[in-house]
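# Survey of secondary and tertiary structure
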There are 2 protein chains.
Amino acid sequence: MPVITVERKILEKNDQLATQNRQLFAEKHITVFNLLSSPGSGKTTLLEKLLPMLAESRCGVVEGDLQTDRDAQRIAALNVPVVQIVTNGGCHLDAGLVRDALTNLDLDTIRLLFIENVGNLVCPAGYDLGEQKKIVIISTTEGDDKPLKYTTMFRAARVCIINKMDLLPWTDFNIETVKRNALQINPDLQFFTVSAKTGTGMQELSAWFKSQLYK
Amino acid sequence: MPVITVERKILEKNDQLATQNRQLFAEKHITVFNLLSSPGSGKTTLLEKLLPMLAESRCGVVEGDLQTDRDAQRIAALNVPVVQIVTNGGCHLDAGLVRDALTNLDLDTIRLLFIENVGNLVCPAGYDLGEQKKIVIISTTEGDDKPLKYTTMFRAARVCIINKMDLLPWTDFNIETVKRNALQINPDLQFFTVSAKTGTGMQELSAWFKSQLYK
């Protein structure tokens with residue numbers, strides 16, 4: 001089957017480039033997170049709230065979108081260094097796209113780099129970008145069975161942020177159910193429950209990000 | 001670039017199978033809709049509410065998921081014929097998978113077939129399944145800029161269902177903004193605003209589905 005061969009070659013090439021990115025991040029003492037979720041779970045809003053709380057951690061952001069630089073504009077408005085990758089329909093970022101984006105950031109001034117991937121719970125899961133950890137974000141307006149359906153993503157993630165806690169009272173979403181479902185797929189997954197909108201849980205989350213910095 | 005060639009061959013093969021599916025649906029006088037959205041926009045809940053309202057239209061359902069037959073179980077509980085396709089990580093349905101699924105349905109008894117695609121606003125947009133129309137579902141808890149980012153999907157769709165209207169008061173989602181953004185991408189797009197949970201707008205939507213049946 002030629003498709004499988006091509007796919008494997010693409011992934012091998014991606015892994016080589018991801019390893020190079022990872023070495024570069026280690027040399028520069030930059031902690032890097034790959035943020036993954038469905039469209040509309042609130043990744044960019046989460047960053048808008050987190051970045052001012054993490055101002056002393058000297059953040060940078062790489063934004064991935066299929067189209068538009070709207071998200072990068074939202075981040076740039078906070079005076080945080082940001083690069084937008086437009087994939088032109090590509091359903092995930094890859095290590096080569098990230099490497100190219102890095103040439104537009106001054107890595108000597110950045111300690112914490114967030115890569116906001118394309119909104120997609122499927123395809124980005126298989127592509128290592130060189131990050132320390134993948135973080136999956138799910139919102140309380142999605143179904144609490146998502147971890148059972150999107151197993152590759154929840155297995156790849158080290159951290160799960162449950163966002164939109166402010167909407168919880170108006171949904172059927174059950175926090176204990178989603179945690180139980182996710183832990184069934186990935187017993188080591190660490191959780192944060194937040195509302196980027198109201199600020200609930202954001203102090204704890206930003207403190208955790210600070211704890212992940214190089215000393 | 002071998003990838004592009006393989007991709008084109010896959011799409012050509014898919015289009016051939018989709019044409020065969022479309023001919024079969026026409027012969028059998030079955031109206032078919034391909035339902036597309038992010039994970040968690042409420043596709044299955046929408047079907048759970050619609051199917052009893054459309055009981056006289058003799059519905060059938062093809063469920064697509066990466067893992068689990070949870071959605072098919074929810075539909076089967078309504079005594080509606082349903083087949084589950086588990087893609088095992090595949091990020092979209094294709095015409096061949098649908099053709100195989102159809103062998104498990106009695107097409108002579110079905111007039112209205114819903115194909116619930118994998119939760120993904122990117123990859124399924126490019127794959128014709130043989131449906132009459134693609135329907136994109138977006139919920140009020142997602143950003144109202146989604147049409148500008150997921151242009152291929154909103155261009156491919158003929159109908160856009162805006163779901164979770166019950167949560168609108170607690171979000172920053174603006175109905176006029178999302179419509180304006182979507183019409184900028186696809187001027188012919190038709191809208192329905194509903195809450196599958198409370199029933200708002202569901203009568204109008206089910207009446208529209210009935211109007212789409214073969215006479």
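The present account deals with the structure reproduced in this document.

Cut-offs applied
- Residues numbered from 1 in each chain as written.
- Chains lettered and ligands numbered in written order.
- Predicted model: local features only at pLDDT ≥ 70, side-chain atom pairs only at ≥ 80, totals over all residues.
- Heavy atoms only, no water.
- Pairing = 2+ DSSP bridges.
- Helix = DSSP H or I, 4+ residues; strand = E, 2+ residues; numbered from the N terminus.
- Axes fitted to C-alpha atoms, helices over the stretch in contact; angles between N-to-C directions.
- Contact = heavy atoms within 4.5 Å.
- Buried area = accessible area lost by both parts, 1.4 Å probe.
- Salt bridge = Lys/Arg side-chain N within 4 Å of Asp/Glu carboxyl O.
- Nonpolar A, V, L, I, M, F, W, Y, C, P; charged D, E, K, R; others polar.

### Looking at the sheet that holds strand β5 (residues 133-139) of chain A
All names here are of chain A. Strand order across the open sheet formed by seven strands is β3-β2-β4-β1-β5-β6-β7, with parallel pairing between neighbours. Of all strands in the sheet, those bounded by a partner on one side alone are β3 (82-86) and β7 (190-193). Averaged over all pairs of adjacent strands, the angle between strand axes in this sheet comes to 20 degrees, irrespective of strand direction. Pairing geometry for strand β2 (residues 59-65) and strand β4 (residues 112-116), over five bridges, is parallel. Bridge assignment links G60 to a residue of β4, and that residue is L113. Across the sheet, helix α8 (residues 202-211) is in contact with β1 (31-37), β4, β5, β6 (159-163) and β7; its angle to β7 comes to roughly 140 degrees.

### Quick look at the sheet that holds strand β5 (residues 133-139) of chain B
Residue and element names in this part refer to chain B. Overall, parallel pairing links the seven strands, which are arranged β3-β2-β4-β1-β5-β6-β7 in an open sheet. Lying at the two open borders of the sheet, with one neighbouring strand each, are β3 (82-86) and β7 (190-193). Each adjacent strand pair in this sheet contributes to an overall mean axis angle of 20 degrees, direction not counted.

### Here we look at the interface of chain A and chain B
If you look at the interface, chain A gives 35 residues, while chain B gives 35 residues. For the pair chain A and chain B, the summed buried surface comes to about 3,000 Å²; carbon and sulfur atoms form 60% of the total. Sorting the residues of chain A by area buried against chain B places P39, K149 and W170 of chain A first, and these three jointly supply 21% of that buried surface. Across the pair K149 of chain A and D65 of chain B runs a salt bridge whose closest N-O atoms are separated by 3.7 Å. Elements represented by at least two residues in the side of chain A that touches chain B include exactly α1 (2-28), α3 (70-76) and α5 (146-149) of chain A. Taken together, the residues of the side of chain A that touches chain B break down into 13 nonpolar, eleven polar and eleven charged.

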